[in-house]
Amino acid sequence: MAMGEWEDILQQTKEAVLEFAPSITITSIDFEASLIVVYTKDIDYFTDNPNVVKQIAQKIRRRISIRPDPSILMKEEDAKEIIKRIVPAEAGITDIYFEPETCEVVIAAEAPGLVIGKEGQLLNEIKKQVKWAPRVVRTPPIPSRIVSEIREFLKENQEDRRQFLREVGRKLNRPILNGENWVRVIALGGYREVGRSATLLMTRNSRVLIDCGVVAGNVQSNEPWSGVPYLYVPEIWSQDSFQNENNPFKYLDAVVLTHAHLDHSGLLPFLYKYNFKGPLYATPATRDLAVLLQMDYLKLAHSEGNKVPYDSKDIKEMLKRTITLEYGETTDITQDVRLTFHNAGHILGSSIAHFHIGEGLHNIVVSGDIKFEKTWLFSAANNKFPRAETVIIESTYGGRDDFQPSRREAGENLKNIVSNVISRNGKVLVPVFAVGRSQEVMLVLEEYIRNNELPKIPVYIDGMIWEATAIHAAYPEYLNKELRERIFKKSDNPFLSDIFVRVDTPDRREKIVNDPDPSVILATSGMMNGGPVMEYFINMAENPKNALIFVGYQAEGTIGRRIQKGEKALTLSYMGKMNTINISMEIATVEGFSGHADRKQLIQFITSMHPRPNKVITCHGDGDNCEYLADTFYRKYGIDSIAPKNLESLRLY
Ligand SMILES: [Zn+2]
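Residues numbered from 1 in each chain as written. Predicted model: local features only at pLDDT ≥ 70, side-chain atom pairs only at ≥ 80, totals over all residues.

Trainee: Can you lay out the domain arrangement of the protein chain for me, pointing to particular residues and giving the numbers?
Mentor: When the domains of the protein chain are assigned, the result is domain 1 (6–71), domain 2 (73–139), domain 3 (176–401 + 596–651) and domain 4 (407–589). Taken over C-alpha atoms, the centre of domain 1 sits 23 Å from the centre of domain 2. Taken together, the contacts link six residues of domain 1 with six residues of domain 2. When contributions to the side of domain 1 that touches domain 2 are tallied by element, the ones reaching two or more residues are α2 (43–48) and β3 (64–68). Looking at which element gives the most residues to the side of domain 1 that touches domain 2, the answer is α2, with three residues. The residue inventory of the side of domain 1 that touches domain 2, partitioned by class, reads three nonpolar, one polar and two charged. (Domains from an automatic or database assignment. Contact = placed C-beta atoms within 7 Å. Helix = DSSP H or I, 4+ residues; strand = E, 2+ residues; numbered from the N terminus. Nonpolar A, V, L, I, M, F, W, Y, C, P; charged D, E, K, R; others polar.)

Trainee: Which residues make up the nonpolar core, and what values go with them?
Mentor: The biggest cluster of nonpolar side chains holds 166 residues, and the ones touching the most others in it are Y281, V430, L522 and I549. Counting residues per element, this core draws most heavily on helix α12 (residues 284–303), which supplies seven residues. With 18 residues, the next largest nonpolar core counts I83, V87, I93 and I126 among its residues. (Core = buried A, V, L, I, M, F, W, Y, C linked by C-beta atoms within 7 Å. Buried ≥ 20, exposed ≤ 12 C-beta atoms within 10 Å, placed from the backbone.)

Trainee: Outline the environment of Q11, supporting the account with residue identities and numerical values.
Mentor: Positionally, Q11 belongs in helix α1 (residues 6–20). Through-space distance from the C-alpha of Q11 to that of I29 is 9.0 Å; in sequence the pair is 18 residues apart.

Trainee: Explain the sheet that holds strand β25 (residues 586–589) to me, using residue names and the numbers behind them.
Mentor: The strand order across the open sheet built from six strands is β20-β19-β21-β18-β22-β25, with neighbouring strands paired in parallel fashion. Each edge of the sheet is formed by a strand with only one pairing partner; in this case those strands are β20 (500–502) and β25. Adjacent strand axes in the sheet meet at a mean angle of 25°, parallel and antiparallel pairs treated alike. Packing against the sheet, helix α15 (residues 437–450) makes contact with β18 (427–431), β19 (459–461), β20 and β21 (519–523), and its axis sits at approximately 160° to β21. (Pairing = 2+ DSSP bridges. Axes fitted to C-alpha atoms, helices over the stretch in contact; angles between N-to-C directions.)

Trainee: Just give me the short version of the sheet that holds strand β9 (residues 207–210), but keep the residues and values in it.
Mentor: Pairing is mixed in the open sheet, where seven strands are placed in the order β12-β11-β10-β9-β8-β7-β28. Both edges of this open sheet fall to β12 (322–324) and β28 (649–651), since each of them pairs with a single strand only. Averaged over all neighbouring strand pairs, the angle between strand axes comes to 25°, with direction disregarded. Strand direction decides the pairing type here: strand β7 (residues 183–189) and β28, joined by three bridges, are antiparallel. Bridge pairing in β28 places R184 opposite R651.

Trainee: Describe the packing of α12 against helix α16 (residues 465–474), with residues and values.
Mentor: α16 packs onto α12 with a crossing angle of 170° between their chain directions and a minimal axis gap of 11 Å. With respect to their mutual orientation, α12 and α16 come out roughly antiparallel. Along its contact with α12, which presents A285, D288, L289 and L292, the element α16 presents E467, A468 and I471. Residues that form the contact of α12 with α16 fall into these classes: five nonpolar, no polar and two charged. (Parallel < 35°, antiparallel > 145°, perpendicular 65-115°, else oblique.)

Below, the structure written as structure tokens:
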């Protein structure tokens, strides 16, 4: 179908619907981002003839959704009653909630199969009686506060959202202007460094920002423009619009977030603070985790008297304009850029973003952060794509000697250190990112204790780790198969093991430190830039029986890195007080828990990639790592490779 004005497209869709379903009446039709949504009171026709929607979609070559007209939806309370009557009690329904944005009713049950019924019979019955479209999910084994808050928030703002999605759709369907085609990328942050990741993808028609992070540790800075990407370059910052409408990001079309870590997501709300009205694309799990981490970032900054250049209302604006995509789901994000997310294996919901530009003009793979090995949590990153000419790849461990032990060896090393500390009656403190590393360490400790390879000791979980764990349980489809299966067997769910003790009030910390028995404490933040880990550290550091074990990457300039390098005395400000700490506790680093591919895996990712890329651009690496990795791809594998500096721009087509 030729590109036309959006009105023409809707008219053509209407005609196609009536061609395949002549007896129905359309009450309204409009865009919902890249989807066309048709509302009708005759929804039963489509329940009885499920193939018709597919036929219409094929004819118009667009994604289409047929929904019940809101006027025929049964009242929520009545619909709940009917559903409970239709579904047998053995299904174990735990929650029924409504998503008016898509006219769906979500039924959470312990045995989803029993809600669906034989060949979907019960679902059809529900559909016909209540008119809402039923969606069945398995009851999440750990309730997550943030997941339900986000669900509530989106429901309260459904009118705004509908309006927003309609505008996105209309904008996507404006005709493309003819002219010379070109594609370029601009390094805005996180090139030849780790932190403040940001890349601008530009074509004649589009400007798409990929990630918008802050430097780890920036939370301690009082200078709001330090540690953030170069957003004030003219390609992205419009000085006129800033002065006249306070809308500097006027010409930005869309933002794509690869994963929730703050060095990729930390500055996104800032765009919305300055009236950016465009969509943010992310997986559902990334959306929820990003909100959790940003909220925590604000909290931490405020508690330490530091400034963050946005506040919680800007996070909400971002949330209102977030469009979620599952892995493998392709969508138009501008008139000439099509996005597909693939598993990155790094943290929950983490994605590799694949951009298809123009009608086959160019394809770019942006790796985000990747792990190219199966972990306790995830499958290895995907490296098979329909087409890919250029890859932008992270280089965290791209340096000469950056080889990591296997997951198994890492687990054994951790076990040995913990075992030694237990035998001398000490305590183990592990600074962890709330998201990812903490869940892996939990799984490893649970396994060794379950198999009696470690004595049964309490493992204290502090900071946001518990909530982050709950989000993992809420999105089991992102976890590897074995873990997913264990999570759903109540008695077998490793996260619900009784070794884990949740620390939810700060006054418990003192008791934990003073308890004479050995224990393990997992606390945030992962690089010791503040957070509860600091309180434990201050109170544990002078006792040589204790150990501090690093399992994650410690960026240059962080307190974690200084301790790891061997500093023996530190002056730290914590909760407004200065503390001088003499470190006598054992300091250990267990390699191999990283969520990042090591050098071997980075090389494997590219050399076994399908198809093989023509060009590799390296980013996200300290020191010489980016250059060294690019050099390897060029010299050893003959691939045109480059390690640009921030602010450099590359033409790809
Ligand atoms: Zn990351």
